[in-house]
Amino acid sequence: MPENSFVFGSYHSLCYDDCAILYKIEAQQLFSDNTNYFTSPLTFFATPMANDKYLIAKPIQDSFPVYLTSHTDSSYGCPDCHDQGMIYIEKTVNAVKRKWIIDAEVSAIPAEIRPYIQQVLNVIEQL
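On a predicted model such as this, the values are computed, not experimentally measured, just so you know.

Draft legend 1. Spotlight on the side chain of Q84. When you line up the elements, Q84 lands in the loop between β4 (75-76) and β5 (86-93). Taking the relative accessible area as the measure of exposure, Q84 reaches 14% and is therefore buried. At 2.7 Å, the side chain of Q84 forms a polar contact with the backbone oxygen of C78. Reaching out from Q84, the side chain makes a polar contact with the backbone nitrogen of H82 at a distance of 3.0 Å. Other than its neighbours up to four places away in sequence, Q84 contacts H12, C78, P79, D103, A104 and E105.

Okay, structure coming up:
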């Protein structure tokens, strides 16, 4: 079966504790990361979060902007350049993975994706 997943979260490089807050949607379940730092490969707990958390996160997978997939850029703004953080998104469809890093300062990114990135930030805060 082809791999399909959607990873999203935030990261701050100049922090002392849980610097990475990442989530993965896979097989209609939500998983939280089990690391404090942004490392490769990303790792997640094997046990999914409660379904009510999945229902909070699912809309950002469903409303993923065409703008991001229709452009070749994988970085927007100046992610974490002045410790403002970054948004990380990874989308895997049929085992083909694409990644984006996006400035967490919404005013620094293209207007076409600002509402979506604000939505991602709101979901992270709710989870």
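Read on for the rest.
Draft legend 2. Local environment of the nonpolar core. Residues F6, F8, L30, I89, I102, Y116 and I117 are the most contacted members of the largest nonpolar core, which totals 25 residues. Those elements that place two or more of their residues in this core are β1 (5-11), β2 (20-26), α1 (51-62), β5, β6 (96-103) and α3 (114-126). By size, the runner-up hydrophobic cluster in this structure holds ten residues, among which are Y11, A20, F31 and F44.

Criteria and cut-off values
- Residues numbered from 1 in each chain as written.
- Predicted model: local features only at pLDDT ≥ 70, side-chain atom pairs only at ≥ 80, totals over all residues.
- Heavy atoms only, no water.
- Helix = DSSP H or I, 4+ residues; strand = E, 2+ residues; numbered from the N terminus.
- Buried < 20%, exposed > 50% of the residue type's maximum accessible area, 1.4 Å probe, protein only.
- Polar contact = N/O pair within 3.5 Å; in protein donor to acceptor, adjacent residues only side chain to side chain.
- Contact = heavy atoms within 4.5 Å.
- Core = buried A, V, L, I, M, F, W, Y, C linked by side-chain atoms within 4.5 Å.

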